[in-house]
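Here is how the chains run, residue by residue.
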Amino acid sequence: MNHPRDDVACDEYRHVSRRRFLELGSIGAASVALPSWLPSVQFAESEDGVRDVLVSVFLRGGADGLTLVAPYADPTYYALRPTLAIPRPDSSSPNRGLALGTFFMLPRTMAPLMAPYLSGELLAVHACGQSATKSRSHFEAERYLEQGKPEDYTIQSGWLARHLATSAPMSATAPMRATSITYGMPRTLAGAPKSLPVPRPASFGVTTPSTAALQRLYNGAWTPMRDSAIDGLATVTLLNRLDFNGYRPANGATYRNDNLGQALRAIATMIKGDIGLEAAHVDANGWDTHANQGSIGGVLADNMTEFASALGAFWQDIMQGPSNSRVTLIATTEFGRNARENGSVGTDHGRASVMFLMGKAIAGGQVITQWPGLEREQLEDGQDLKVTIDMRDVLAEVVQNRLNNRNLSAIFPDYTPRFRGVTK
């Protein structure tokens, strides 16, 4: 039976979702190999324990930035979205939005994000996207964003993997530097050293063969494969020491019993377990909303509720209180939606969308944008919100300022990022 989110998605998204599931395993198997074109970079052999842990959340399907952070002060917004627009914050509607200043607002389903926003630790970057490609294909746009360079199929590694490959580990003895809460390694982390996909951390290793049997199996294997197997065994041992089921979030935080909530709860367990984790990735699926989008009550509203609740709980648990951790969270999506709603009360593939960043060192409490406008002549090809900020500008600033890595030419090849002031 299809999930309700699948019923509103296009054929390509359903196909890419199935294909991604099949391909993730092969990407994970290849993740021990560094890209052959990776230039020589300089990094210390010792530990670097003063940078942030990075949590990456990918909203797959093309999230509608014009709903997630809606421009209520742009009058054309309501003309383009007669049934999908979020009511103004100063209206009397029970569904009115929550103002983020005098121009943008959050839908009420995103209310859990108001506390981090008002605390200056949640930032939205609007009208951002991939400036160097106009692809509206999920397959292409996801790949280009995750590999950090558009329209280059020679690249097999991800931008976050190359950050790890060009930086000293935060803990020299940690068996696992990065993980993804997925059934295979996403392209974002493909090629990352000491990294492993762990779909269900609480039960990870239950069906793993014995250590002795695996050691016998890989003893004579090709060195990278043997080392990867040894790292995998060490990771199983490490994760089995953590009490995922008994983990108690701090500061009264409550994670919902949904996919994203439980994934961030597991990541919080690993961060507080002090196992040397440097990066974690989570996929949030189902943002392709061609029909019956449901901005206030429906598929998109359910997605936003899950997203905001998970991030709100993670902020309260990990980033608040006297024992808060050095963590930066980034949420991205491959593209936005058409500015104009379609005849099926949905929105089709578009261009620019919105990014979210959260952390104590993030310049939050604002929406950073170069707003292009929604009048027909201001839209790209007369239909889409223009990309005025390249996502790589935002990612690169976080990599350099929060992850202490200046090897930006290796992480984002053939691109010179322009920092936008997203970090303090």
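Scroll up a little and you will see the structure.
Everything quoted here is computed from the prediction, not taken from an experiment.

Novice: So what about the overall build of the chain? Which residues, and what values?
Specialist: Counting its secondary structure elements, the chain contains 13 helices and eleven strands. By the burial criterion, 60% of the 424 residues in the chain qualify as buried. A sequence separation of at least 24 residues applies to 73% of the contacts in the chain between residues at least 6 apart. Surface exposure of the chain reaches about 16900 Å², of which carbon and sulfur atoms provide 51%.

Novice: Break down helix α6 (residues 138-147) for me, citing the residues and quoting the values.
Specialist: Burial within α6 is extensive, with eight of its ten residues counted as buried. G148 sits one or two residues past α6 and shows a positive phi near 80 degrees.

Novice: An account of the pairing of strand β9 (residues 353-358) is requested, with residue identities and associated values reported.
Specialist: For β9, the tally of buried residues reaches six of six residues, placing the bulk of the element in the interior. Both strand β4 (residues 122-129) and β9 contribute to a ladder of six bridges, which runs antiparallel. The residue bridging L122 from the neighbouring strand is M358, located in β9.

Novice: Which residues make up the nonpolar core, and what values do they have?
Specialist: Ranked by internal contacts, the top residues of the largest apolar core, which has 61 residues, are L68, L264, F307, F314 and F356. Per-element accounting of this core gives the leading share, ten residues, to helix α11 (residues 299-318). Among all residues touching F356, those that are not within four sequence positions of it are L68, V69, M110, L113, L122, L123, A124, F307, L329, I330 and A331. Counting 32 residues, the second largest nonpolar core, distinct from the first, contains F58, A279, I362 and V398.

Novice: With reference to specific residues and values, describe the pairing of β4.
Specialist: Two faces belong to every sheet, and in a regular strand the side chains alternate between them. In terms of burial, β4 is a largely internal element, eight of the eight residues being buried. In this sheet, strand β10 (residues 366-369) lies alongside β4 in parallel orientation, the contact comprising four bridges. In the strand pairing of β10, H126 is matched with T369. Looking at chain direction, β4 and strand β11 (residues 389-390) are connected through two bridges and run parallel. Within β11, the residue paired with C128 across the bridge is I389.

Novice: Tell me about the environment of A313, residues and numbers included.
Specialist: Inspection of the secondary structure puts A313 in helix α11. Taking C-alpha positions, A313 is 9.3 Å from L113, a pair spaced 200 residues apart along the chain. If we skip the residues at most four places from it in the chain, A313 touches A253, T254 and Y255.

Novice: Explain the pattern of salt bridges to me, using residue names and the numbers behind them.
Specialist: In the structure shown here, the tally under the stated rule is 21 salt bridges. A salt bridge links R402 to D52, with the shortest nitrogen-to-oxygen separation between them at 3.0 Å. A residue pair is termed long-range when its members are at least 10 positions apart, and R402 in the loop between α12 (391-401) and α13 (408-411) and D52 in the loop between α2 (11-29) and β1 (53-59) qualify at 350 residues. Judged on exposure class, the residue R402 and its partner D52 are both buried. The partner of D64 in a salt bridge is R81, and the shortest N-O contact between them spans 2.6 Å.

Novice: So what about the packing of helix α10 (residues 259-272) against α11? Which residues, and what values?
Specialist: At a minimum axis separation of 8 Å, α10 and α11 run at an interaxial angle of 20 degrees. In terms of orientation, α10 and α11 fall into the roughly parallel class. As α10 packs across α11, the resulting crossing turns out to be right-handed. Here α10 contributes N259, L260, G261, L264, I267, A268, I271 and K272 to the contact with α11, which in turn contributes E306, F307, A310, L311, F314, D317 and I318. Of the residues in the contact of α10 with α11, the class split is ten nonpolar, two polar and three charged.

Novice: Can you lay out the environment of R241 for me, pointing to particular residues and giving the numbers?
Specialist: Inspection of the secondary structure puts R241 in the loop between α9 (223-240) and α10. Owing to a relative accessible area of 66%, R241 belongs among the exposed residues under this scheme. Expressed as a C-alpha distance, the spacing of R241 and G273, which sit 32 residues apart in the sequence, is 9.2 Å.

Novice: Help me get a handle on unusual backbone geometry, residues and values and all.
Specialist: Although it is not a glycine, D274 sits at a positive phi angle of roughly 55 degrees. You can see D274 is positioned in the loop between α10 and β7 (279-284). The class of D274 is exposed, set by a relative accessible area of 69%.

Parameters at a glance
Residues numbered from 1 in each chain as written. Predicted model: local features only at pLDDT ≥ 70, side-chain atom pairs only at ≥ 80, totals over all residues. Heavy atoms only, no water. Helix = DSSP H or I, 4+ residues; strand = E, 2+ residues; numbered from the N terminus. Buried < 20%, exposed > 50% of the residue type's maximum accessible area, 1.4 Å probe, protein only. Contact = heavy atoms within 4.5 Å. Areas by Shrake-Rupley, 256 points an atom, 1.4 Å probe, with all protein chains shown as cover. Pairing = 2+ DSSP bridges. Core = buried A, V, L, I, M, F, W, Y, C linked by side-chain atoms within 4.5 Å. Salt bridge = Lys/Arg side-chain N within 4 Å of Asp/Glu carboxyl O. Axes fitted to C-alpha atoms, helices over the stretch in contact; angles between N-to-C directions. Parallel < 35°, antiparallel > 145°, perpendicular 65-115°, else oblique. Left-handed = near helix turned anticlockwise from the far one by under 90°. Nonpolar A, V, L, I, M, F, W, Y, C, P; charged D, E, K, R; others polar.

Remember that the coordinates give geometry; whether it matters functionally is a separate question.
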